[in-house]
Amino acid sequence: MKIQKMSKRGYVVAVSLCAVLGLGAGASVATAAGGLAPSNLASETKAAPEYPRNANGNTYGFAIDSVSPETEPDLIAGLTTDGKRGYVSKAELDVANGTAASREFKTPEDAVKWTETEGRADRSIPVYEADGKTVIGEFTVSGSDTQKANQALTESR
């Protein structure tokens, strides 16, 4: 099998694909939380949104409104594990779901290795009020072990 060289963006997609296949954490997990995942990676004609800013200068809003991961707000709308509405830090989410790690991947095998090691465990990150400081709960990014268990439950129904 010939492996072609991919852009760094391709590695992010590879990690996301691993998540979709139940092999690791990634964007598919965030989508289930209601608006955390990027909307349409192929959409280049839509203008980047102008998100509101809090007192600290951080943008906040729904990632679904963005035209690319680069135009997502600093604080992304999401739900706590007990259902409260708030915001997760894009930077913390990128670390938890492997997006930050994927920037360092040099081969598709690097993505698979991350998915099979660090990507297995669930990771919790804080959920904030719009100020980006007040913690109101936590959001869990499901690792591949949890994703596989959920997939098995779904298939057994």
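Nothing here was measured: the structure is a model prediction, and the numbers come from that model.

1. Side note on the pairing of strand E2 (residues 75-79)
With four of its five residues buried, E2 lies for the most part within the structure. Sheet topology note: the strand E1 (residues 60-61)/E2 ladder contains two bridges and is parallel. Paired with glycine 61 across the strands is isoleucine 76, a residue of E2. As judged from the five bridges shared by E2 and strand E3 (residues 85-89), these two strands associate in the antiparallel manner. Along E3, the bridge assignment pairs glycine 78 with glycine 86. Taking the residues that link successive antiparallel strands as the turn, the E2-E3 hairpin has five residues, and the phi of glycine 83 there is positive, at about 90°.

2. Some remarks on the side chain of lysine 90
When you line up the elements, lysine 90 lands in helix H3 (residues 90-97). Under the relative-accessibility criterion, lysine 90 is labelled buried at 15%. Every residue in contact with lysine 90, bar those within four places of it in the chain, is listed here: Pro69, Glu72, Pro73, Asp74 and Ile76.

3. So, the packing of aromatic side chains
Tallying each qualifying case throughout the model produces one aromatic pair. A centroid spacing of 5.5 Å and a plane angle of 75° characterise the contact between tyrosine 60 and tyrosine 87, whose relative ring orientation is edge-to-face. Within this pair, whereas tyrosine 60 is found in strand E1, its partner tyrosine 87 is found in strand E3, the two being separated by 27 residues in sequence.

4. Here's the deal with the pattern of salt bridges
This structure, assessed with the given rule, holds five salt bridges. Taking the shortest distance from any N to any O, the salt bridge between lysine 90 and glutamate 72 comes out at 3.0 Å. Of this pair, lysine 90 sits in helix H3 while glutamate 72 sits in the loop between E1 and E2; the two residues are 18 residues apart in sequence, bridging distant segments of the chain. According to the relative accessible area criterion, glutamate 72 is buried, its value standing at 9%. One salt bridge in this structure joins aspartate 94 and arginine 103, with 3.1 Å as the shortest N-O distance. Residue classification places aspartate 94 among the buried residues on the basis of a relative accessible area of 8%. We classify arginine 103 as partly exposed; its relative accessible area is 39%. Connected through shared salt-bridge partners, Glu72, Lys90, Asp94 and Arg103 make up one network.

5. Re helix H5 (residues 108-116)
Three or more residues of H5 are buried, namely Pro108, Ala111, Trp114 and Thr115. Seen from one end, H5 has its buried residues packed into an arc of 120°, which puts them on one side. Exposed residues on H5 whose side chains face more than 90 degrees from its buried face are Lys113 and Glu116.

6. Things to note about the environment of threonine 117
Counting through the fold element by element, threonine 117 comes out in the loop between H5 and strand E4 (123-128). By relative accessible area, which is 41% here, threonine 117 ends up partly exposed. Separated by 2.8 Å, the side chain of threonine 117 and the backbone oxygen of lysine 113 make a polar contact.

Reading the values: rules and limits
Residues numbered from 1 in each chain as written. Predicted model: local features only at pLDDT ≥ 70, side-chain atom pairs only at ≥ 80, totals over all residues. Heavy atoms only, no water. Buried < 20%, exposed > 50% of the residue type's maximum accessible area, 1.4 Å probe, protein only. Helix = DSSP H or I, 4+ residues; strand = E, 2+ residues; numbered from the N terminus. Pairing = 2+ DSSP bridges. Contact = heavy atoms within 4.5 Å. Phe/Tyr/Trp six-rings, centres within 6.5 Å; stacked < 30°, edge-to-face > 60°. Salt bridge = Lys/Arg side-chain N within 4 Å of Asp/Glu carboxyl O. Arc of directions from axis to C-beta. Polar contact = N/O pair within 3.5 Å; in protein donor to acceptor, adjacent residues only side chain to side chain.

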